[in-house]
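# Remarks on the overall topology
The residues making up each chain are set out below.
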Amino acid sequence: MSTEPSTGPRALHDGWTLRQVDGDISGVPATVPGCVHTDLLAAGIVDDPYLDDNENRLTWIGRSTWEYATVFDWHDDGHERADLVCEGLDTVATVELNGVRVASTANQHRSYRLPVRELLREGENTLRVRFASPVAYAEARRAELGERPGAYEAPYQFIRKMACNFGWDWGPAVVTSGIWRPIGLHSWSGTRLAGVRPLVRTDGPDGLVEVHVTLEHSGGPSGSAASGGPGGVGGSAASGETPVTVTASVAGVRCAVRTAPGEREAVLTLRVPGAERWWPRGYGAQHRHELTVSLADEPSEPSEPSVPSVPSVPSVPSMLSGASEPSGASGRGEPSGERWTGLIGFRDVRLDRADDAFTIVVNDVPVFVRGVNWIPDDCFPARITRERLAERFGQAVGANVNLLRVWGGGLYESEDFYDLADELGLLVWQDFPFACAAYPEEEPFASEVEAEARENVARLARRPSLALWCGNNEVLEGHADWGWRDGLGERTWGAGFFHELLPAVVAELDPTRPYWPGSPYSGSPDLPPNDPARGTLHIWDVWNREDYTRYGEYRPRFVAEFGFQGPPVHATLRAAVSGELAADAPLVLHHQKAHEGNAKLLRGLGDHLPAPRTYDDWHYLTQLNQARAVVHGIERFRAQAPHCAGTIVWQLNDCWPVTSWSAVDGAGRRKPLWYALRRVYDDRLLVVADGAVAVVNDGPRAWAGELELLRLTLDGEPLAKETAAVEVAPRSVTVVALPGSIAVPGDPAAELLVARLGDRRTVSFFAEDPRVAFPRAAHRAEVTAVAGGLDVTVTAETVLRELALFPDRLDPAASVDDMLLTLLPGESVTFHVATGRELDPAALVTRPVLRCVND
């Protein structure tokens, strides 16, 4: 059997129409990849679910059955096999070709390769994909298997689908169906590269990569697992009678293996002397190397014998999007066979668990995690482009983030997501898709979970950015602490997945990175899962019940979730709400999904800020309070390094316009929290707390200089000054006690404290803002036209507390480069406003565009 070149994958994305099987809608032009909601929206049949309360009138979509159909031409190309490659079907799908059922699927998190050569006709062929109601499917599984507790009433744990599609405390309920990732036809003959799974690590100064290759022979079974099992790649000795040569090369090193007839697997090991390492951002460069694997039937002298490897589920998500499966003859392939290319990075990653710690160690260097949680960036993931991800990742990097946690109520993300993380040096913590509910372990879920885990662990094995697999989000905590046990009885809830199945899959397919059973988790099933002294911690008493100053009472090892809410940028809220903008306006409240969310916003202001009198006050003060709350927590936790080894803020992004915990709102605009994160996640940070200054240096070089401590009047007059020489080693913290002359104010309402080291400064007050005797804010302002927008220079005539500029109120597309700055009398700051419009200079420097606490 020869390795004849395949025909490049042919995308089947044109000519689709959509109809409602159990209703009156038909003949709707459909976009593939896409989903029912976006097709109905484009056709003008439904209103935008992101606007006003339209979401409430679209629940019928998730309870309907829908059918996508297209007609395509096919002509016999002489190949032995033709496979229908479905990279993503959401979710309960039946695939028919020319009236014959090809597959039934029920897992959004998987891909499918379906042999259809015998069903194709010369000329026109009709392909239909019917999607049953995901809501009805989940309800039926719940009725069969018994109720399971969860954070919400929706039965999201009874279907392998993005959980937050059913609604969350920051997201709408828009239960989708559709062909959400590419679909196409792949023709081939002989033997193909069915899977390539590089396991990459270092060995002393060298880089090592074990390339696990899975072959499929056109005469053997297809290996499709479309009916629900985790099946392997087909093939037998009889189906491949000619040996093939598998060759791998990286960084100038080459290895070849000649397989025996019918052999389906091989392992090629390559050692790269002195390989340049891949590092997380802030620790070194992101060196990546192109690995090439090719398949041919020409004789070749193998440099190593073929070694059987563990079976690998065929990884299809690259046939059409160019990610991780062989390219065949699609332009990167070799004329006589198939070729796979992918970038890898040489690095090691492990968890340091000494003394109950939770420290991520890369290349033997402990990394303090400055992280953010990631949710799906759109309720309709097919709309998320690489460009949009690049913008969001740029915002993460701009905020000095070094890790993204892909939260368990979402997805295994796209190849673009992980490629950008690799490129930018952003570590990725990947939750398996389980969140906040008890999950049944019976069939069909046991097989489906194994199949999706095997596929995605193999798919992502080459990614240097992927630092950790985590079993779930808050399921272990829910079972231990949320009163689930009495209602569950003897029913399964997911423990077998998190403590047995998933760690076994990771150990088998990707032993190069650690697995953690869930978050929060203390390291043993016998321990309380949310113990600050062990493992990972989620802090939600702050926001739900406690004032944010409670963060200072924690001494955690690692904080994987914590956060505080704030409304979206004004322009985002204005575009989403057609009616009155007021904190208690019905349509504004519809874009607040948290239980008693707006009441918690107001309660959270506490003694920290004045009570708002208008919508404009509410918007500014609650956004400011969100930023202050998160900063308060991060400062305290960073000051405890290395005892505390990281923080992951909930959350970076939003999926729609909503009041939430995000730093970047649903329209991609940066909230005040983003600017605060940029400062508090800087390499160098001064933290004034508990009668001391913590000098935090998370950079690669020592931080030395004279620490200047000042106690001043509100007018900026000095009352006391002290200095101390400090030298803080790289990746360390030094605590300097405040002298009594600085720490003890004569009048807490009329004084402030300044700490300065080099070009870093922090300003602290001895009393909460409402108790400070602030003068009425006074300033001078100058607006100058410059390339790309305007410069706004503000000079303080009095102290200006938390100065902020909101140009989006004048131009929704405008943005500003900084905000939340405290100026002392006589100090100036220049804001750059990026805008393409002519803005009114007077409006730009007055309320509600220019704000400070004491205005």
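Summarised in this report is the structure supplied together with it. (Residues numbered from 1 in each chain as written. Predicted model: local features only at pLDDT ≥ 70, side-chain atom pairs only at ≥ 80, totals over all residues. Heavy atoms only, no water.)

### A look at the sheet that holds strand 41 (residues 789–796)
Counted only if it meets this: The pairing criterion is simple: DSSP has to find at least two bridges between the two strands. Under the DSSP-based scheme used, a helix requires at least four consecutive residues in state H or I and a strand at least two consecutive residues in state E, with every element numbered from the N terminus.
The antiparallel open sheet is built from four strands, whose spatial order is 40-41-45-43. Single-partner strands in this sheet number two, and they are strand 40 (779–786) and strand 43 (815–816).

### Some points on the nonpolar core
What tends to happen in soluble globular proteins is that the nonpolar side chains get buried as a cluster. Filter applied, for reference: Definition of nonpolar core: a set of buried residues of the types Ala, Val, Leu, Ile, Met, Phe, Trp, Tyr and Cys, connected through side-chain atoms within 4.5 Å. For every residue, the accessible area (1.4 Å probe, protein chains only) is compared with the maximum for its type, and the residue is labelled buried under 20%, exposed over 50%, or partly exposed between those bounds. Residues count as neighbours in contact if any of their non-hydrogen atoms are within 4.5 Å of one another.
Membership of the largest hydrophobic core comes to 171 residues, with the highest contact counts inside it found for F432 and L677. The biggest single contributor to this core is helix 13 (residues 615–638), with eleven residues. When neighbours within four sequence positions are excluded, L677 is seen to be in contact with V372, A399, V630, I634, V649 and A663. By size, the runner-up hydrophobic cluster in this structure holds 34 residues, among which are L58, L89, A93 and L185.

### Overview of the layout of surface pockets
Rolled over the atoms, a probe as big as a water molecule pinpoints where empty space is left. Put simply, the rule reads: Buriedness of a pocket was judged along seven lines, with at least five required to meet protein on both sides within 12 Å; pockets are open sets of points on a 1 Å grid over the protein atoms alone, cavities are sets where a 1.4 Å probe fits but cannot get out, and lining residues have an atom within 4 Å of a point. Grid points are joined across faces, edges and corners, and a volume is the space filled by probe spheres set on the points. Amino acid classes used here: Ala, Val, Leu, Ile, Met, Phe, Trp, Tyr, Cys and Pro are nonpolar; Asp, Glu, Lys and Arg are charged; the rest, including Gly, are polar.
Of the volumes computed, that of the largest pocket is approximately 1500 Å³. Forming the boundary of the largest pocket are 47 residues, of which E635, T762, V763, S764 and R801 lie nearest the centre. For the lining of the largest pocket, the secondary-structure elements that each account for two or more residues are helix 13, helix 14 (672–680), strand 33 (684–689), strand 38 (751–757), strand 39 (760–765), strand 42 (800–805), strand 44 (821–823) and strand 45 (828–834). No other element matches helix 13, which puts seven residues into the lining of the largest pocket. Broken down by class, the residue content of the lining of the largest pocket amounts to 21 nonpolar, nine polar and 17 charged. What lines the second largest pocket is a set of 31 residues, among which D169, E474, W482, W540 and N544 lie closest to the centre. For the lining of the second largest pocket, the secondary structure elements donating two or more residues are helix 6 (475–481), strand 30 (537–538) and helix 9 (541–544). At three residues, helix 9 tops the list of elements feeding residues into the lining of the second largest pocket. Taken together, the residues of the lining of the second largest pocket break down into 16 nonpolar, five polar and ten charged.

### Considerations on the packing of aromatic side chains
Applicable threshold: We call Phe, Tyr and Trp rings a pair once their centres come within 6.5 Å, taking the six-membered ring for Trp, and we label the pair stacked below 30 degrees between planes, edge-to-face above 60, and tilted otherwise. Consider the ring centre and the ring normal. A charge sits over the ring if Lys NZ or Arg CZ is within 6 Å of that centre and within 35 degrees of that normal.
For the structure on display, the rule yields 39 aromatic pairs. A ring pair is formed by F358 and F558, whose centres lie 5.0 Å apart and whose planes are at 65°; its orientation type is edge-to-face. Of the two residues, F358 is situated in the loop between strand 22 (349–352) and strand 23 (359–362) and F558 in the loop between helix 9 and strand 31 (559–561); the sequence distance between them amounts to 200 residues. For the residue pair F358 and F558, the accessibility class agrees, reading buried in each case. Aromatic side chains F432 and W469 sit 4.6 Å apart centroid to centroid with 25° between the ring planes, which places their arrangement in the stacked category. Residue F432 is found in the loop between strand 27 (427–431) and helix 5 (445–460), and its partner W469 is found in strand 28 (residues 466–470); the two are separated by 37 residues along the sequence. Among the aromatic residues, ring-to-ring pairing joins Y152, Y156, W168, W170, W407 and W650 into one connected group. In this arrangement the basic side chain of R141 is found over the ring face of Y137, its NZ or CZ atom lying 4.5 Å from the centre. R160 extends its terminal NZ or CZ atom over the ring of F434, reaching a point 4.3 Å from the ring centre.

### Let's talk about the side chain of T202
Here T202 lies in strand 15 (residues 191–203). In this structure T202 comes out as buried when scored by relative accessible area, which is 12%. Every residue in contact with T202, bar those within four places of it in the chain, is listed here: G207, L208, R277, F346, R347 and D348.

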